[in-house]
Amino acid sequence: MTIWEMLAVFAAGIGAGTINTIVGSGTLITFPVLLATGLPPVTATVSNALGLIPGSISGAIGYRAELAGQSRRVLKLAVAALIGGLTGATLLLSLPSTAFETIVPVLVTLALILVILQPRISRAVQRRREHNGGPTRTDGGPLLFTGLMLASVYGGYFTAAQGIIYLSLMGMLLDDTMQRLNAVKNVLAAVVNSIAALFFLFVADFHWTAVVLIAVGSALGGQIGAKVGRRLSPTVLRTLIVVVGTVAIVQLLLR
């Protein structure tokens, strides 16, 4: 990498760590930047997964106050995240690279649709809560466990919009504040990134320079996201994600 490419990857890591902590979809920033440096899609995905671990952990630590009293819920849902993340990582390396290059634009498009629909999903969840007179749901039952496990398969394969899927599922199946659910989301993302990365360390090719730059940047971004994320305009973040994601789709289709 040139010095300018290294600076771009580092800046992308900060942005990804910040956005992942707030809403998710940070991979839509780091992934196209890694592709722009010349890394193959699979190597870029593996390097990205490794680099984002410190950011996920940093974001979870930043939301530690919101995690209070949720240890039992977190442990149960973390099992689903672990199983799904390992499965997704295995699929990434089992499928041929041509299949991966075909699938990724579809996944990024799906991620962008989820980002765009997030406000509508949030309003629907809020209306359900306001009109729901039933008992409080604390763990979501088998439906949430299965849903999060499947979402984690996607997360272990390609992490973009993983956090938004988590928030949508938990928001619909749990009765709690979005900030507390966001704290759980950060822990689950850390679990998926970590288990996938550990798997990749032994069986996949990755770019150490990219890993280190994203790791340092995402760790800083995780703290930024936890401290100032609630003050940032969600519209601005969604617009940024959509723009960068669109660039990623175009770049992948032109490869």
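The rules behind each value
- Each chain carries its own residue numbering, running from 1 in the written order of its sequence.
- This being a predicted model, a pLDDT of at least 70 is required before a residue's local features are given, and a value of 80 or more before pairs of side-chain atoms are given or counted; all residues contribute to the totals for chains, interfaces and linings.
- Note: side-chain values were computed over all heavy atoms of the structure, leaving out hydrogens and water.
- Secondary structure elements follow DSSP: runs of H or I of four or more residues count as helices, runs of E of two or more count as strands, with numbering from the N terminus.
- Burial classes follow relative accessibility: with a 1.4 Å probe on protein chains only, a residue under 20% of its type's maximum area counts as buried, one over 50% as exposed, and anything between as partly exposed.
- We call two residues in contact whenever any of their non-hydrogen atoms come within 4.5 Å of each other.
- Residue burial considers only the protein chains on display, and all accessible areas are found by Shrake-Rupley using a 1.4 Å probe.
- Nine residue types can take part in a nonpolar core, namely buried Ala, Val, Leu, Ile, Met, Phe, Trp, Tyr and Cys, and a core is a set of them joined through side-chain atoms within 4.5 Å.
- Only residues whose relative accessible area exceeds 30% and that form no salt bridge are eligible for patches; like-charged ones are grouped when within 9 Å, while nonpolar side chains (Val, Leu, Ile, Met, Phe, Trp, Tyr) are grouped when within 5 Å.
- Within this document, salt bridges are pairs made up of a side-chain nitrogen of Lys or Arg and a carboxyl oxygen of Asp or Glu, the two lying within 4 Å of each other.
- Here an axis means a line fitted to C-alpha atoms, over the contact stretch when the element is a helix, while the angle between two N-to-C directions is reported on a 0 to 180 degree scale.
- Each angle gets one of four labels, with under 35 degrees taken as roughly parallel, over 145 as roughly antiparallel, 65 to 115 as roughly perpendicular, and the rest as oblique.
- Handedness of a helix crossing follows the sense of rotation of the near helix relative to the far helix, less than a right angle counterclockwise being left-handed and clockwise being right-handed.
- Throughout, the ten residues Ala, Val, Leu, Ile, Met, Phe, Trp, Tyr, Cys and Pro are labelled nonpolar, Asp, Glu, Lys and Arg are labelled charged, and all others, Gly among them, are labelled polar.

Asks: Break down the overall build of the protein for me, with residues and values.
Replies: Check the secondary structure of the protein and you find eleven helices and zero strands. Across the 255 residues in the protein, those meeting the buried criterion constitute 53%. Considering only residue pairs separated by 6 or more positions, the protein has 85% of its internal contacts joining residues 24 or more positions apart. With an accessible surface of roughly 11200 Å², the protein has 71% of that area assigned to carbon and sulfur atoms.

Asks: Outline the nonpolar core, listing residues and values.
Replies: Of all hydrophobic cores here, the largest spans 49 residues; its most connected members are Leu148, Met170, Leu188 and Phe200. The element that contributes the greatest number of residues to this core is helix H9 (residues 178–203), accounting for eight residues. Dropping the residues within four chain positions of it, Phe200 is found in contact with Val46, Ala49, Ala89, Leu92, Leu93, Gly156 and Phe206. Ala12, Ile19, Val23 and Ile29 belong to the second-largest nonpolar core, a separate cluster that totals five residues.

Asks: So, the side chain of Thr37: which residues are in play, and what are the values?
Replies: Inspection of the secondary structure puts Thr37 in the loop between helix H2 (27–36) and helix H3 (41–51). With sequence-adjacent residues up to four places away left out, Thr37 is seen in contact with Met1, Glu5 and Val9.

Asks: Tell me about H3, residues and numbers included.
Replies: Counted residue by residue, H3 has ten buried out of eleven residues, so it is predominantly covered. What H3 keeps buried is the set Pro41, Thr43, Ala44, Thr45, Val46, Ser47, Asn48, Ala49, Leu50 and Gly51.

Asks: Residues and numbers for the environment of Leu7, please.
Replies: Take Leu7: it is sitting in helix H1 (residues 3–22). Under the relative-accessibility criterion, Leu7 is labelled partly exposed at 44%. Taking the C-alpha atoms as reference, Leu7 lies 8.3 Å from Leu213; in sequence the two are 206 residues apart.

Asks: With reference to specific residues and values, describe helix H4 (residues 53–62).
Replies: Within the sequence span of H4, burial applies to Ile53, Gly55, Ser56, Ser58, Gly59 and Ala60. Its buried side turned inward, H4 meets H1, H3, H9 and helix H10 (208–228).

Asks: Lay out a nonpolar patch on the surface with the relevant residues and their values.
Replies: A contiguous nonpolar surface patch, about 890 Å² in accessible area, is contributed by Leu93, Leu198, Leu201, Phe202, Val203, Trp208, Val212, Val216 and Leu220. Elements with a minimum of two residues in the nonpolar patch: H9 and H10. Here Val216 is to be found in helix H10. On the basis of relative accessibility, which here comes to 43%, the residue Val216 falls in the partly exposed class.

Asks: Report on the packing of H4 against H9, specifying residues and quantitative values.
Replies: It is the contact of H4 with H9, at a shortest axis distance of 8 Å, that shows an interaxial angle of 155°. Considered as vectors, H4 and H9 are oriented roughly antiparallel to each other. Taken as a pair, H4 and H9 cross one another with a handedness that is left-handed. On H9, the residues that touch Ile53, Ser56, Ile57, Gly59 and Ala60 of H4 are Asn186, Val187, Ala189, Ala190, Asn193, Ser194 and Ala197. Classifying every residue of the contact of H4 with H9 gives seven nonpolar, five polar and no charged.

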